Amino acid sequence: MKRAELLESLPRHGVYDLAVVGGGATGLGVALDAALRGFSVVLLESHDFAGGTSSRSTKLLHGGVRYLAQGNLALVREALAERATVLRVAPHLAQPLPFVMPSYRWWQTPFYGLGLKLYDLLAGGAGLGRTEFLNRQQAMEALPGVNPEGLRGGVKYWDGQFDDARLALALARSAEAAGARVLNYAEVTAVRQVTDAGTRAATLDVTDRRTGASFKLSARCVVNATGVWVDALRDRTQPAAAGEPSHMVSPSQGVHVVVDRDFMPGGHALLVPRTRDGRVLFAVPWLGKLVLGTTDTPRKDLPREPDAFAEELEFILAEAGQALSRPVRRADIRSLWVGLRPLVAAPASADGGTQALSREHTIVVDPNGLVTVTGGKWTTYRAMAEDVLERCFASELLPRRPSGSSASHRLLGAGMSGLPTTPLHAAPGVHLYGAEWAEVQKCQGLGNLLGMGLSEAMVRYAARTEFAQTVEDVLARRWRVLFLDAREAARMAPAVAAILGEELGNDPDLAGFLALCQRYLPSG
Ligand SMILES: Cc1cc2nc3c(=O)[nH]c(=O)nc-3n(C[C@H](O)[C@H](O)[C@H](O)COP(=O)(O)OP(=O)(O)OC[C@H]3O[C@@H](n4cnc5c(N)ncnc54)[C@H](O)[C@@H]3O)c2cc1C
């Protein structure tokens, strides 16, 4: 359905069973699960799908090796099972990836190796490959570009990697195909609970940020899945819970730096298990580049486009320079992006340190009926969605319906594509469409290549089928150019703007995107 038609029909629908606010991993997972159970669902996203944290992850499907070190086995086991689920439902966007932890001290291989054997055990049938001990030669072969000085060997283990923004898009389109209405650039500005003839429903005030038009919707149940912004929506929901709603989220920011693959060619990722300040650092091959990160810095404000702090950048460059055989300089940076983790503030942890904050998800049902979910990680979006629906049933906000088929429901594009299997760490290409490639080929301009594998036809397809409205939607999330090479994204932007202008007939915000590209490069 075209956006204008959708905007027209949404308020005329009557009362929806469920309104989901927020179109990141969490909200989209809830919308798909509920639609698969046959509920009438509407999802509203104030920016673009995955425009918040869900396009800025490290792109790993993982049980969390560091949670293993913290002894949180239940969290690890659940994530390992969900890792297998994502690989199954979206094989065109998610793949297993081998990791190597290099060892520079005698005890590291046995110490980390035993921990990773436990990781294998916890994965059970969902395991992706056996943990192996590598000698120096094998470690150097797996990680060309690793710092050879003092290298003794390493431990190889398996996790998954994915394209986060394209997975979000696949969820949005799959939810739509299952009957949900999903709309980007639709901001929920207020939620009011109304009781009419004993029936409780909520009214949502929505503003279409593309036109400025406002409308209202009604739903029996409202799920607040607005990531780090959940507290703002709780504050705007009337009548408020007794007293002021207590704030749930303490955000922590993570920076990633992208450099060329020649710093570490090959198909393995590198994990430094303990940096100078006790964190982990990844160097992950992804879509033809190498992603270095990340950091974990508490921050109080919630900007849409957070900037990296100078110390964070220095930390990543210094640690990467230590882990690799040649230094990584600011001039080598192709792109850098920053995401905000929605860590949930435990009542007892008011010390400000993010280590004390929960990395598991939390669901709160306010007395006014608003269901808020936040925390967790991308890998577990589906299990979180099941938990949210369970809470909606338990709170009698929705009538109980049996579990849908979200664990086996293959997402759009997951069918047979006839395309050869290409690793996700190779440069972006048509394999990312999976079975949808046949549809893309029907658009005009297949041979008109704009750069980094993107063609005119693909931009037209993004506008017609993938909900793209702006240059940023295309060059940041439908195709990940901004995240891979911000200068190249700026170069390609005018051509993309011209095609979007033809397709949509409205302003694709070229100037805004060109300014954004500067923010994805180090300043000075
Ligand atoms: C640096 C970093 C690295 C990470 N790496 C990994 C990883 O490798 N693997 C992994 O599994 N997880 C990872 N995570 C965690 C994962 O990315 C997040 O848990 C997940 O993306 C959170 O999704 P969300 O939908 O809750 O939030 P978001 O993606 O932020 O979605 C919330 C959405 O709500 C919208 N919104 C806000 N207010 C309104 C409103 N009033 N009306 C309508 N919409 C609104 C926002 O625009 C936003 O799109 C990482 C996180 C960070 C920060």
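Look a little higher up for the structure.
Residues numbered from 1 in each chain as written. Predicted model: local features only at pLDDT ≥ 70, side-chain atom pairs only at ≥ 80, totals over all residues. Heavy atoms only, no water.

Enquirer: Got a minute to help me understand helix α7 (residues 164-177) in this structure?
Expert: Residues that lie three or four places apart on an α-helix share one face, since the helix turns once every 3.6 residues. In this model, α7 (14 residues) spans 20 Å end to end at C-alpha, consistent with the 20 Å of a helix rising 1.5 Å per residue. With respect to burial, α7 is a largely interior element, twelve of its 14 residues being buried. If you check which residues of α7 are buried, you get Asp164, Ala165, Arg166, Leu167, Ala168, Leu169, Ala170, Leu171, Ala172, Arg173, Ser174 and Ala175. Immediately beyond the C-terminal end of α7, within one or two residues, lies glycine 179, with a positive phi of roughly 110°. (Helix = DSSP H or I, 4+ residues; strand = E, 2+ residues; numbered from the N terminus. Expected span 1.5 Å × (residues − 1). Buried < 20%, exposed > 50% of the residue type's maximum accessible area, 1.4 Å probe, protein only.)

Enquirer: Looking at this structure, I do not really get the nonpolar core. What am I missing?
Expert: Soluble, globular proteins show a tendency: their nonpolar side chains are buried together. Counting residues in hydrophobic clusters, the biggest one holds 92 residues, and the most contacted among them are Leu454, Leu475 and Leu482. Met264, Phe315, Ala323 and Ile333 belong to the second largest nonpolar core, which has 29 residues in total. (Core = buried A, V, L, I, M, F, W, Y, C linked by side-chain atoms within 4.5 Å.)

Enquirer: Help me understand the site of the ligand, please; the structure alone is not making it clear to me.
Expert: Neighbouring residues of the ligand: 37 residues in total, closest Thr26, Glu45, Ser54, Leu60 and Thr379. The contact in question runs from an oxygen atom of the ligand to an N or O atom on the backbone of lysine 59, over 3.4 Å. Taking tryptophan 378, its main chain carries an N or O atom lying 3.1 Å from an oxygen atom of the ligand. In isolation the ligand offers 1000 Å² of accessible surface; the protein chains occlude 96% of this area. Of all the secondary-structure elements, those providing two or more residues to the shell around the ligand are α2 (25-36), β8 (186-196), β12 (252-260) and β17 (335-341). Residue composition of the shell around the ligand, by class: ten nonpolar, 20 polar and seven charged. (Near = heavy atom within 4 Å. Polar contact = N/O pair within 3.5 Å; in protein donor to acceptor, adjacent residues only side chain to side chain. Areas by Shrake-Rupley, 256 points an atom, 1.4 Å probe, with all protein chains shown as cover. Nonpolar A, V, L, I, M, F, W, Y, C, P; charged D, E, K, R; others polar.)

Enquirer: Help me understand the packing of helix α15 (residues 486-504) against helix α16 (residues 510-519) in this model?
Expert: Helix-helix packing is described using two parameters, namely the angle between the two axes and the distance between the axes. Packing of α15 against α16 brings their axes to within 9 Å, and their N-to-C directions diverge by 175°. Relative to α16, the element α15 is oriented roughly antiparallel. Contacts from Ala486, Ala489, Ala490, Ala493, Pro494 and Ala497 of α15 reach α16 at Leu510, Phe513, Leu514 and Cys517. Residues of the contact of α15 with α16, tallied by class, amount to ten nonpolar, no polar and no charged. (Axes fitted to C-alpha atoms, helices over the stretch in contact; angles between N-to-C directions. Parallel < 35°, antiparallel > 145°, perpendicular 65-115°, else oblique. Contact = heavy atoms within 4.5 Å.)

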